[in-house]
Amino acid sequence: MKARNLGESDGSLLEQAMGFCEEYKKFLCNKTEREVVDYALPILKERGYKEFTLGKKYRPGEKIYMNNRDKALIMVTVGKRPVSDGLRIGVSHTDSPRLDFKPNPLFEDTDMAYFKTHYYGGIKKYQWAAIPLSLRGVISLKNGKTVRVKIGEDDGDPVFCVTDLLPHLAMNQMKKPAPDIIEGEQLNILVGCWPFGDDKVSGKVKLNIMNILFEKYGITEKDFLTAELCAVPAFKPADMGFDRSMIGSYGQDDSACVFTSFMAELESKDPEFTTVTVFADKEETGSDGNTGMRSFFFRDFLEDFVSAYGLQVRHVLKKSMCLSCDVNAAIDPAFGDVFERNNCSFLNRGPVVSKYTGSRGKYSTNDASAETMCFLRDILDDAGIPWQVGELGKVDIGGGGTIASEISLHNLDTVDMGVPVLSMHSPFEVTSKTDVYLLYKAILAFYKSKLEKN
Ligand code: MN
Ligand code: MN
């Protein structure tokens, strides 16, 4: 099967995708897992979703949600068929690579104040120097209050950056291997250079920053210890290209899948099978932690949900099907030699289905079975949705994983589907609008399908 550029078969498709992607661009301004949950909760309430109540037997058409620590979410629309017939599950991740603050971030050097960071997820560190950054996160205070920080993106906001060395003096730097061009301990964010107006103290620039932060947020230096703060690129999501066929933005891995599965979940009305949409956190650092997919929160919730029907979760999961919604690498002709053209994904050829991920001989992968692949193929083909297959890159060139392996641990049939992305994990990732739009259509078709799993 060979996929083709979508424009060759349907010239109006880009037009159809435009409106959907205007909303998608707005969504991309939610750049952390907490911001995604903050965005979703009021919409869920408005659309009639009720917070899950333990022991309640929900009826077909009812919509419920469970918020895990303001960082992960599970949303359910109860289907017409009994829950014992299985669930249709879509999982995506709300976190993206970024620069996290260290617990003691603020320091002064050479009359300049900086925040020290520990990068989060797989980044090319040199890409994070000399670009505008915005700061976000939360600070928990002693009085039980939580302060939310979001600065650097609204018009008139200041921005921040990691500095880089001028080429004139970079002779030695440029000889270094790429991982060392900017080292982890050089990812310090410049936040000020103006001293506090008292001659007697040392560290006056740092003091001035603390003074500003106290006035703005009511925090002292100790409060950084009980904070989760990070820096993300300050670029605004934008149309890309003269033909406006693409979107350039930070965080499309995995916001492209989070947004499309969210829209499909909201659209899921009286589905045949119960639909479950999961936003997971911590994928970019290996899914560990109680908001990641290795946590029991997913299974615990489902156990609570199905036990009201007198069922055991393992029997329900065995009959269920899950889309692990995550992006894949689109072939980039500038680096064409790392891709195998018969099995990689292309921009603008529709959602990409990946049978397996992993590296070094399919190590650490959920390798979807022929039957699972066929089940998805039937759904997509019946709904008339063009799609393509995609392997990440050439064998032995590298590799990567998704949460599909964490999901399939639950004895749950799982397959990866997402959109192809250029410059993945960079501060400015590129997708095609038609791929994003068709991914939404594909997830919706999966949620609406009456097709029974063998
Ligand atoms: Mn991802
Ligand atoms: Mn990723």
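The notes below deal with the structure included here. Quick caveat: nothing in here was measured; it's all calculated off a predicted structure.

Scanning the chain for helices and strands turns up eleven helices and 23 strands. Relative to the globule expectation of 22 Å for 454 residues, the C-alpha radius of gyration of the chain, 23 Å, shows essentially globular dimensions. For the C-alpha atoms alone, the extent of the chain along its principal axes is close to 75 × 55 × 40 Å. Out of the 454 residues belonging to the chain, those deemed buried represent 53%. Partitioning the contacts of the chain with sequence separation of at least 6, the portion at a separation of at least 24 is 76%. Only carbon and sulfur atoms are counted for the fraction: they give 52% of the accessible area of the chain, which is about 20,900 Å². The chain carries 56 positive and 64 negative side-chain charges, and their two centres are separated by 3 Å.

For the manganese ion (ligand 2), every protein donor is listed as Asp253 (OD), Glu284 (OE), Glu284 (OE) and His425 (NE2), and the spread of their distances is 2.1 to 2.6 Å. Spacing between the donor residues of the manganese ion (ligand 2) along their common chain follows D-x30-E-x140-H. In this structure, the manganese ion (ligand 2) lies 3.3 Å away from the manganese ion (ligand 1), the two metals sharing Asp253 as a donor. With Glu284 in the loop between strand E14 (274-280) and helix H7 (297-307) and His425 in the loop between strand E22 (420-421) and strand E23 (429-432), this residue pair connects regions lying 141 residues apart in the sequence. Judged on exposure class, the residue Glu284 and its partner His425 are both buried.

On to a nonpolar patch on the surface, then. Taken together, the side chains of Leu165, Leu166 and Leu169 define a hydrophobic patch exposed on the protein surface, amounting to about 280 Å² of accessible area. Among the structural elements, Leu166 can be located in the loop between strand E9 (161-162) and helix H4 (178-181). Overall, Leu166 belongs to the partly exposed group, its relative accessible area being 37%.

What follows deals with the sheet that holds strand E8 (residues 146-151). Strand order in the open sheet made by the seven strands is E8-E7-E11-E5-E6-E10-E9, with antiparallel pairing throughout. Either end of the sheet is taken by a strand with one partner, and the two such strands are E8 and E9. Pairing of strand E5 (residues 98-109) with strand E11 (residues 227-233), which is carried by two bridges, proceeds in the antiparallel orientation. By the bridge assignment for E11, Leu99 is matched with Ala231. Lying over the sheet, helix H5 (residues 204-217) contacts E5, strand E6 (112-120), E8 and strand E10 (189-192), oriented at roughly 125 degrees with respect to E5.

A few words now on the sheet that holds E23. Two orientations exist for strands paired in a sheet by backbone hydrogen bonds: parallel and antiparallel. The three strands are arranged E12-E13-E23 in an open sheet whose pairing can be described as antiparallel. Single-partner strands in this sheet number two, and they are strand E12 (238-240) and E23. Neighbour-to-neighbour, the strand axes of this sheet turn through a mean angle of 35 degrees, independent of strand direction. Of the strand pairs in this sheet, E12 and strand E13 (residues 246-249) are connected by three bridges, and their pairing is antiparallel. Bridged to Asp239 within E13 is Ile247. In the packing of helix H6 (residues 252-267) onto the sheet, the strands contacted are E13 and E23, and the crossing angle to E23 comes to about 35 degrees.

Time to look at the environment of Asn188. With respect to the helices, strands and loops of the structure, Asn188 is situated in the loop between H4 and E10. Sequence separation of Asn188 and Val162 is 26 residues, and the distance between their C-alpha atoms is 5.7 Å. Among all residues touching Asn188, those that are not within four sequence positions of it are Phe107, Tyr114, Phe115, Lys116, Thr117, Cys161, Val162 and Thr163. A polar contact of 2.9 Å, which involves the side chain of Asn188, links it to the side chain of Lys116. Polar side-chain contacts of Asn188 include one of 3.1 Å to the backbone oxygen of Glu185.

Reading the values: the criteria
The residue count restarts for each chain, going from 1 along the sequence in the order it is written. Naming scheme: in the order in which they are written, chains are lettered from A and ligands are numbered from 1. Local features in this predicted model are restricted to residues of pLDDT 70 or higher, and side-chain atom pairs are both shown and tallied only at a pLDDT of 80 or more, whereas totals for entire chains, interfaces and linings draw on every residue. Neither water nor hydrogens contribute to the side-chain values; these are computed over all heavy atoms in the structure. Numbering of helices and strands starts at the N terminus; helices are DSSP runs of H or I of at least 4 residues and strands are runs of E of at least 2. Put simply, the radius of gyration uses C-alpha atoms, and a globule should come to 2.2 Å times the residue count raised to 0.38. Here the term buried applies to any residue with accessible area under 20% of the maximum for its type, exposed to any over 50%, and partly exposed to those in between, with areas from a 1.4 Å probe on protein chains only. By the convention used here, residues are in contact when the closest approach between their heavy atoms is within 4.5 Å. Accessible surface area values rest on a Shrake-Rupley calculation with a 1.4 Å probe, where residue burial reflects the displayed protein chains alone. In this tally, Lys and Arg are treated as positive and Asp and Glu as negative; His is ignored, and so are the chain termini. Just so you know, the charge point we use is NZ for Lys, CZ for Arg, CG for Asp and CD for Glu. A donor here means any N, O or S atom no more than 2.8 Å from the metal (3.2 Å for Na, K and Ca); water is not included, so a site may seem to lack partners. Each patch is built from residues lacking any salt bridge and having more than 30% relative accessible area; the joining distance is 9 Å for like charges and 5 Å for nonpolar side chains (Val, Leu, Ile, Met, Phe, Trp, Tyr). Any carboxyl oxygen of Asp or Glu that lies within 4 Å of a side-chain nitrogen of Lys or Arg is treated as forming a salt bridge with it. Note: two strands are recorded as paired if DSSP finds a minimum of 2 bridges between them. Whenever a helix is involved, its axis is fitted only over the stretch in contact; in every case the axis is a line through C-alpha atoms, and angles between N-to-C directions fall within 0 to 180 degrees. Any pair of N or O atoms that falls within 3.5 Å is considered a polar contact. Within protein, one atom must be able to donate a hydrogen and the other to accept it, and sequence-neighbouring residues count only if both atoms are side-chain atoms.

These values are about where atoms sit, not about what they do.
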